[in-house]
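Reading the structure
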Amino acid sequence: MHAPIQQRLEDFRQQGRVQAGSLIITVFGDAVLPRGSRIWLGSLIRLLEGLELNERLIRTSVFRLVKEEWLRTEPSGRRTDYLLTATGQRRFEEAARHIYAASAPQWDRRWRLIIPVGELAQKEREALRRALFWQGFGTLAGDCFVHPGADLGSAFDALIAEGLGDVLGRLKPLIAADARFGNAATDLDMVHGAWDLEGLARTYQAFVERYAPILEQLRTDAPGGLEGEDAFLLRILLIHDYRRLLLRDPELPDVLLPADWPGHQARLLCKEIYRRLLAPSERHLDQHFQLANGQTPPAGALLGERFREVDPLG
């Protein structure tokens, strides 16, 4: 079959190199967190079989996530559950506030700044720039990092998680308001200086082009026609692709974006596809999600909060 859904799954399977750790993070955030934040490793391996990820790769990736303190282990008889650590759960919950929001957050017209006030080695400076880039921060004048709405506490927690805890004492977090001097640079000037909006727009457009045919297929096919496993795997790839986009997106307010910004279309597309996949994918999880003790925990109320009409960030 070469229908859009099957094509997306097949494209993933045919990749020469897969970053399994990143995909497993998506699985934990999207499917495991609503069911109690824990899963038996054997169950995780079975759930990902349909993407042709081999058992050795999954085990190696999970062990690495334990080492990086995203996950921890808890034995149950001869089996072992893998659980989110408190830090890992906090990271996921913060990310989820952005991934599953029904619309972009409102802007308080203040800028969040992180400014180095001490000497940084070149290696530290590059690591800091890379880590903040993946949190959506733009860069001004080489070493001033700016964001319209980031939680600075969470941003610093993420830097610690990236191994940059020793740098924090040389960084100054600030919240700044526009002083509105007549001939000064505007907010728009700062946006165009700090971010490559054209590049980000292209990545959003590629997402739309990839998933728009999938939505059309879901709208056209008879309800219930998609198998549960395919619904689950597609749901994971959808959120995985969308999450990686949002990691680079500062979620600028509408007043600072072009009128035809493709990020809006991408959010609506992701929202509708996710809602259409939710029921069949959850039925699949009801049948195949297991803890080490053999139980299958039900999905909690958290699942119903996703993409709700009233934006939790508003």
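Scroll up for the structure.
Residues numbered from 1 in each chain as written. Predicted model: local features only at pLDDT ≥ 70, side-chain atom pairs only at ≥ 80, totals over all residues. Heavy atoms only, no water.

1. Observations regarding the overall build of the chain
Assigned secondary structure in the chain consists of 11 helices and seven strands. The C-alpha atoms of the chain give 21 Å as radius of gyration, which agrees with the globular expectation for 314 residues (20 Å, within 12%). The principal-axis extent of the C-alpha atoms belonging to the chain is close to 65 × 45 × 40 Å. Within the chain, the proportion of its 314 residues that are buried is 47%. Of the roughly 16100 Å² of accessible surface on the chain, 50% is carried by carbon and sulfur atoms. (Helix = DSSP H or I, 4+ residues; strand = E, 2+ residues; numbered from the N terminus. Rg over C-alpha atoms; globule rule 2.2 N^0.38 Å. Buried < 20%, exposed > 50% of the residue type's maximum accessible area, 1.4 Å probe, protein only. Areas by Shrake-Rupley, 256 points an atom, 1.4 Å probe, with all protein chains shown as cover.)

2. Remarks on the side chain of Glu282
Looking at the secondary structure, you find Glu282 in helix H11 (residues 262-288). Within the structure, Glu282 has its side chain in polar contact with the side chain of Arg235 (distance 2.7 Å). Leaving out residues up to four positions away in the same chain, Glu282 has contacts with Arg35, Arg235, Ala299 and Leu303. (Polar contact = N/O pair within 3.5 Å; in protein donor to acceptor, adjacent residues only side chain to side chain. Contact = heavy atoms within 4.5 Å.)

3. As for the sheet that holds strand E5 (residues 138-140)
Taken together, the four strands give an open sheet; going across it, the order is E5-E6-E4-E7, and neighbouring strands pair in antiparallel fashion. Two strands lie at the open edges of the sheet, namely E5 and strand E7 (171-177), each paired on one side alone. Here the strands of the sheet are splayed against their neighbours by 30° on average, with no regard to which way each runs. Packed on one face of the sheet, helix H7 (residues 152-161) meets strand E4 (110-116) and E7 and runs near 155° to E7. (Pairing = 2+ DSSP bridges. Axes fitted to C-alpha atoms, helices over the stretch in contact; angles between N-to-C directions.)

4. Some words on the pairing of E4
Counting buried positions along E4 yields five of seven residues, so the element is predominantly enclosed. Here E4 pairs with E7 via seven bridges, running antiparallel. Paired with Arg110 across the two strands is Ala177, which belongs to E7. For E4 and strand E6 (residues 144-147), the ladder comprises three bridges, and the chain directions are antiparallel. Paired with Arg112 across the strands is His147, a residue of E6.

5. A word on the pattern of salt bridges
Summed over all chains, the structure comprises 20 salt bridges. Where Arg8 meets Asp241, a salt bridge forms, and the shortest distance between an N and an O atom there is 3.0 Å. Here Arg8, found in helix H1 (residues 4-13), pairs with Asp241, found in helix H10 (residues 228-248); they are 233 residues apart in sequence, far enough to count as distant. Of the two residues examined, Arg8 and Asp241, each falls in the buried class. Between Glu126 and Arg129 there is a salt bridge; the shortest N-O distance is 2.7 Å. Separated by three residues within a single helix, Glu126 and Arg129 lie in helix H6 (residues 122-133), roughly one turn from each other. One salt-bridge network, in which partners are shared between bridges, spans Asp30, Arg35, Arg235, Glu282, Asp286 and Arg306. (Salt bridge = Lys/Arg side-chain N within 4 Å of Asp/Glu carboxyl O.)

6. Details of unusual backbone geometry
In this structure, Ser37 is a non-glycine residue whose phi angle is positive, near 70°. Mapping Ser37 onto the fold places it in the loop between helix H2 (20-32) and strand E1 (38-40). Here Ser37 falls in the buried class, since its relative accessible area comes to 7%. The phi dihedral of Glu69 is positive, around 65°, even though this residue is not glycine.

7. Observations regarding the packing of H10 against H11
Orientation of H10 relative to H11, taken along the N-to-C sense of each, is 145°, at an axis distance of 8 Å. Of the two possible hands of crossing, H10 and H11 adopt the one that is left-handed. Contact residues: H10 offers Gly228, Glu229, Ala231, Phe232, Leu234, Arg235, Leu238, Ile239 and Tyr242, while H11 offers Ala266, Arg267, Cys270, Ile273, Tyr274, Leu277, Leu278, Pro280, Ser281, Glu282, His284 and Leu285. Grouping the constituent residues of the contact of H10 with H11 by class yields 14 nonpolar, three polar and four charged. (Left-handed = near helix turned anticlockwise from the far one by under 90°. Nonpolar A, V, L, I, M, F, W, Y, C, P; charged D, E, K, R; others polar.)

8. Focus: the packing of H2 against H10
With their axes 9 Å apart at the nearest point, H2 and H10 run at an angle of 110° to one another. The angle between H2 and H10 places the two elements in the roughly perpendicular class. Residues Ser22, Leu23, Ile25, Thr26, Val27, Asp30 and Ala31 of H2 lie in contact with H10, whose contacting residues are Phe232, Arg235, Ile236, Leu237, Ile239, His240, Arg243 and Arg244. Across the contact of H2 with H10, the residue classes tally to eight nonpolar, three polar and four charged. (Parallel < 35°, antiparallel > 145°, perpendicular 65-115°, else oblique.)

9. A look at the sheet that holds E1
On the basis of which strands lie adjacent, the open sheet formed by three strands has the order E1-E3-E2 and antiparallel pairing. Here the strands that pair on one side only, and so sit at the sheet edges, are E1 and strand E2 (71-76). Geometrically, the sheet is characterised by an average inter-axis angle of 30° between neighbouring strands, direction not taken into account. Summarising the sheet, E2 and strand E3 (residues 79-84) pair through six bridges and their orientation is antiparallel. Bridge pairing links Arg72 to Leu83 in E3. The strands touched by helix H4 (residues 55-67) within the sheet are E2 and E3, with E2 carrying the most contacts at an inclination of about 110°.

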